[in-house]
Amino acid sequence: MRMRSRRSCLAVPGSNTRFLSKAQGLPVDEVFLDLEDSVAPGAKEQARKNVIEALLTGDWTGKTRVVRVNDLSTAWTYRDVIEIVEAAGDALDCLMLPKVEDAVQVAWLDMLLTQIEKAIGLPVGGIGIEAQIESARGLVNVDTIAAASPRLETLVFGPADFMASINMRSLVVGQQPPGYTEGDAYHYVLMRMLMAARMHDLQAIDGPYLQIKDLDGFAKAAHRSAALGFDGKWVLHPTQIESANAIYSPTQEDYDHAELILSAYEHATTVDRRGAVMLGDEMIDEASRKMALVIAAKGRAAGLVRTKFFQPPA
Ligand code: GLV
Ligand code: MG
């Protein structure tokens, strides 16, 4: 798995040059410069130019740089891809394809990217793909979509379009629909996407929370998908960033615990040559090591530093 950190993925409308410049100073793991739904039809062509300019001249150090192109039912997609990648392909990490409905659409993008990379001398396969799942058809086909290209890095939930697609009785994106009083109305969707993502070693990213003043609501929605195993969430406003970065990072306590498990298990298997050992009152084995590896990797990617060290028993 390409282990880029994506705890916070900031949406930046490509038509807004002020936001394109402001985004560079914000502490997000990923920025996606948008050509799709945050850009009005009449502004699409200027947005392409703004995005190219921002990629080429901006300082995006430390951030994963993504451009969201228009979806394949429009007339814009092929020009989005060709113009952006020909002009700024070496200043770009991934393209995001919205409203993916079946695997053929991802395969199309993969082939087009390969042609452009060959034509302009970029490493073939260097540009990754993020696929948004935001309709009933996309969700039903999610397993084949997740397998469609080695360029795929993440599946990304698009709750607004998804709610429209299934006629969910709510207009408040990210919140529970009124009348749904037990459980989580998004649980099935999130879990379904997570299974497909993990089956193919992809990351799983939760979508936007549109009530940007409601920070508690944002945190609640983020905790839910983080608890399942999601790797990050979209942020639409600077006030959501700190919360996303914290919620999708392991806690210091969990991170220390994971590093202790790895050290204790390493000592047990190499020095003592035993496969199951005690760490304090806890029995650990190979499965504990696998779980600890995930949390340790997320903690290291988030810049955590361990504060507890393993002492081999005397
Ligand atoms: C994002 O694209 C959404 O539809 O929620
Ligand atoms: Mg959408």
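Residues numbered from 1 in each chain as written. Chains lettered and ligands numbered in written order. Predicted model: local features only at pLDDT ≥ 70, side-chain atom pairs only at ≥ 80, totals over all residues. Heavy atoms only, no water.

## Points about the site of ligand 1
Inference 1: In the neighbourhood of ligand 1, the contacting residues comprise R68, Q132, E134, G158, P159, A160, D161, P208 and W234.
Inference 2: A distance of 3.1 Å separates an oxygen atom of ligand 1 from a polar backbone atom of P159.
Inference 3: Calculation on ligand 1 without its partners gives an accessible area of 190 Å², and the protein chains cover 93% of this total.
Inference 4: Ranked by residue count, the leading element in the shell around ligand 1 is helix α7 (residues 159-165), at 3 residues.
Inference 5: Its residues assigned to classes, the shell around ligand 1 comprises 4 nonpolar, 2 polar and 3 charged. (Near = heavy atom within 4 Å. Polar contact = N/O pair within 3.5 Å; in protein donor to acceptor, adjacent residues only side chain to side chain. Areas by Shrake-Rupley, 256 points an atom, 1.4 Å probe, with all protein chains shown as cover. Helix = DSSP H or I, 4+ residues; strand = E, 2+ residues; numbered from the N terminus. Nonpolar A, V, L, I, M, F, W, Y, C, P; charged D, E, K, R; others polar.)

## A few points about the state of the cysteines
Inference 1: Within this structure, the stated rule accounts for 0 disulfides.
Inference 2: Cysteine C94 is unpaired, with the sulfur of C9 as its nearest cysteine sulfur at 10 Å. (Disulfide = S-S within 2.5 Å.)

## Some words on the coordination of the magnesium ion (ligand 2)
Inference 1: Distances from the magnesium ion (ligand 2) to its protein donors, namely E134 (OE) and D161 (OD), fall within the range 2.0 to 2.2 Å. One end of the pair, E134, is in the loop between β5 (128-133) and α5 (136-140); the other, D161, is in helix α7, and 27 residues separate them in sequence.
Inference 2: Given the relative accessible area of 5%, E134 is considered buried. (Donors = N, O, S within 2.8 Å, 3.2 Å for Na, K, Ca; no water. Buried < 20%, exposed > 50% of the residue type's maximum accessible area, 1.4 Å probe, protein only.)

## Topic: the pattern of salt bridges
Inference 1: On inspection of all chains with the given rule, the structure shows 25 salt bridges.
Inference 2: E83 is paired through a salt bridge with R48; the nearest N and O atoms lie 3.7 Å apart. Here E83 is found in helix α3 (residues 77-88), whereas its partner R48 is found in helix α2 (residues 44-57), with 35 residues between them in sequence.
Inference 3: Overall, R48 belongs to the buried group, its relative accessible area being 2%.
Inference 4: With its nearest N and O atoms 3.4 Å apart, the salt bridge here joins D206 to K233. A residue pair is termed long-range when its members are at least 10 positions apart, and D206 in strand β7 (residues 203-206) and K233 in strand β8 (residues 232-235) qualify at 27 residues.
Inference 5: By relative accessible area, which is 5% here, D206 ends up buried. (Salt bridge = Lys/Arg side-chain N within 4 Å of Asp/Glu carboxyl O.)

## Section: the sheet that holds β8
Inference 1: Read once around its circumference, the closed barrel built from 8 strands follows the order β1-β2-β3-β4-β5-β6-β7-β8, with strand pairing classed as parallel. Each adjacent strand pair in this sheet contributes to an overall mean axis angle of 25°, direction not counted.
Inference 2: Of the pairings in the sheet, the one linking strand β4 (residues 94-97) to β5 comprises 4 bridges and is parallel in character. Directly across from C94, in β5, lies its bridge partner G128.
Inference 3: Running over the sheet, helix α9 (residues 215-228) touches β7 and β8 and is turned about 150° from β8. (Pairing = 2+ DSSP bridges. Axes fitted to C-alpha atoms, helices over the stretch in contact; angles between N-to-C directions. Contact = heavy atoms within 4.5 Å.)

## Observations concerning α9
Inference 1: Along its 14 residues, α9 runs 20 Å from first to last C-alpha, staying within 8% of the 20 Å computed at 1.5 Å per residue.
Inference 2: If you check which residues of α9 are buried, you get G217, F218, A219, A221, A222 and S225.
Inference 3: Tucked into the core, α9 has its buried residues touching α8 (187-199), β7, β8 and α10 (241-247).
Inference 4: Within two residues after α9, G229 carries a phi angle of roughly 130°, on the positive side. (Expected span 1.5 Å × (residues − 1).)

## What to know about the pairing of strand β1 (residues 8-13)
Inference 1: Most of β1 is tucked away, with 6 of its 6 residues classed as buried.
Inference 2: On β1, burial covers both faces: S8, L10 and V12 on one face and C9, A11 and P13 on the other are all buried.
Inference 3: When β1 meets β8, the two strands line up parallel, connected through 3 bridges. Within the sheet, the bridge partner assigned to S8 lies in β8 and is K233.
Inference 4: Bridge analysis of β1 against strand β2 (residues 30-34) gives 5 bridges, and the strand direction is parallel. Following the sheet pairing, L10 is matched in β2 by V31.
Inference 5: Crossover connection from β1 via helix α1 (residues 17-22) to parallel β2: handedness right-handed. (Right-handed = clockwise from strand over helix to strand, strands pointing away.)

## Details of the nonpolar core
Inference 1: Grouped together as the largest cluster of nonpolar side chains are 68 residues, with contacts concentrated most on L33, L55, V67, V81, L95 and L155.
Inference 2: In terms of residue count, the dominant contributor to this core is α8 (6 residues).
Inference 3: Once residues within four sequence positions are removed from consideration, V81 is found in contact with V69, E86, L95, W108, L109, L112, L113 and I116.
Inference 4: Counting 12 residues, the second largest nonpolar core, distinct from the first, contains L262, Y265, L279 and A292. (Core = buried A, V, L, I, M, F, W, Y, C linked by side-chain atoms within 4.5 Å.)

## Points about the domain arrangement of the protein
Where interface size is quoted, it is often the accessible area lost as the parts come together.
Inference 1: Partitioning the protein into structural domains gives domain 1 (8-247) and domain 2 (252-301).
Inference 2: Placing the centre of domain 1 and that of domain 2 at their C-alpha centroids yields a distance of 34 Å. (Domains from an automatic or database assignment.)

## Side note on the side chain of D206
Inference 1: Polar contacts involving the side chain of D206 include one to the side chain of S225, which spans 3.0 Å.
Inference 2: When sequence neighbours within four positions are dropped, the list of residues in contact with D206 reads F157, L190, A221, S225, F230, G232, K233, W234 and Y248.

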